[in-house]
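As a plain string of letters, each chain reads:
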Amino acid sequence: MSFDSFSEFLAMGGHGKYVWLSYAIALVVIVINIVNPVLQKKKVFSDLARRLRREKKTS
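Residues numbered from 1 in each chain as written. Predicted model: local features only at pLDDT ≥ 70, side-chain atom pairs only at ≥ 80, totals over all residues. Heavy atoms only, no water.

Q: Hey, could you run me through a nonpolar patch on the surface in this one?
A: On the surface, a nonpolar cluster with roughly 550 Å² of combined accessible area is contributed by L27, I30, V31, I34, V35 and L39. The class for L39 is partly exposed, based on a relative accessible area of 48%. (Patch = residues over 30% accessible without salt bridge, like charges linked within 9 Å, V, L, I, M, F, W, Y side chains within 5 Å. Areas by Shrake-Rupley, 256 points an atom, 1.4 Å probe, with all protein chains shown as cover. Salt bridge = Lys/Arg side-chain N within 4 Å of Asp/Glu carboxyl O. Buried < 20%, exposed > 50% of the residue type's maximum accessible area, 1.4 Å probe, protein only.)

Structure follows, in structure tokens:
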């Protein structure tokens with residue numbers, strides 16, 4: 001499918017709102033799937049470091 005102008009490409013034959021919204025939702029889900037494990041890893045490491053510091057104080 002070819003488009004005569006960029007605005008026609010964005011409109012996607014009247015379905016642009018749904019097409020671009022689905023791309024945006026997919027992008028948000030992908031970003032969440034990448035960022036969430038990184039944040040969880042940082043939290044686990046900080047919890048382990050805090051636990052190790054607490055164990056050193058008591059021993």
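Structure shown, so let's carry the discussion forward.
Q: Before we go on, may I ask you to explain the pattern of salt bridges in this structure?
A: For side chains bearing opposite charge, pairing can occur when the charged atoms are close. For the structure on display, the rule yields 2 salt bridges. Here D47 and K43 are joined by a salt bridge, their closest N and O atoms 3.2 Å apart. Of this pair, D47 and K43 both sit in helix α2 (residues 16-58), 4 residues apart, roughly one helical turn. In this structure D47 comes out as partly exposed when scored by relative accessible area, which is 26%. Take K43: its relative accessible area is 52%, and that puts it in the exposed class. With a closest N to O distance of 2.7 Å, R50 and D47 form a salt bridge. In this pair, R50 and D47 both sit in helix α2, 3 residues apart, roughly one turn of the helix. By relative accessible area, which is 42% here, R50 ends up partly exposed. Among the ionic contacts, a cluster of salt bridges with common partners joins K43, D47 and R50. (Helix = DSSP H or I, 4+ residues; strand = E, 2+ residues; numbered from the N terminus.)

Everything listed is a geometric property; what it means functionally is a separate question.
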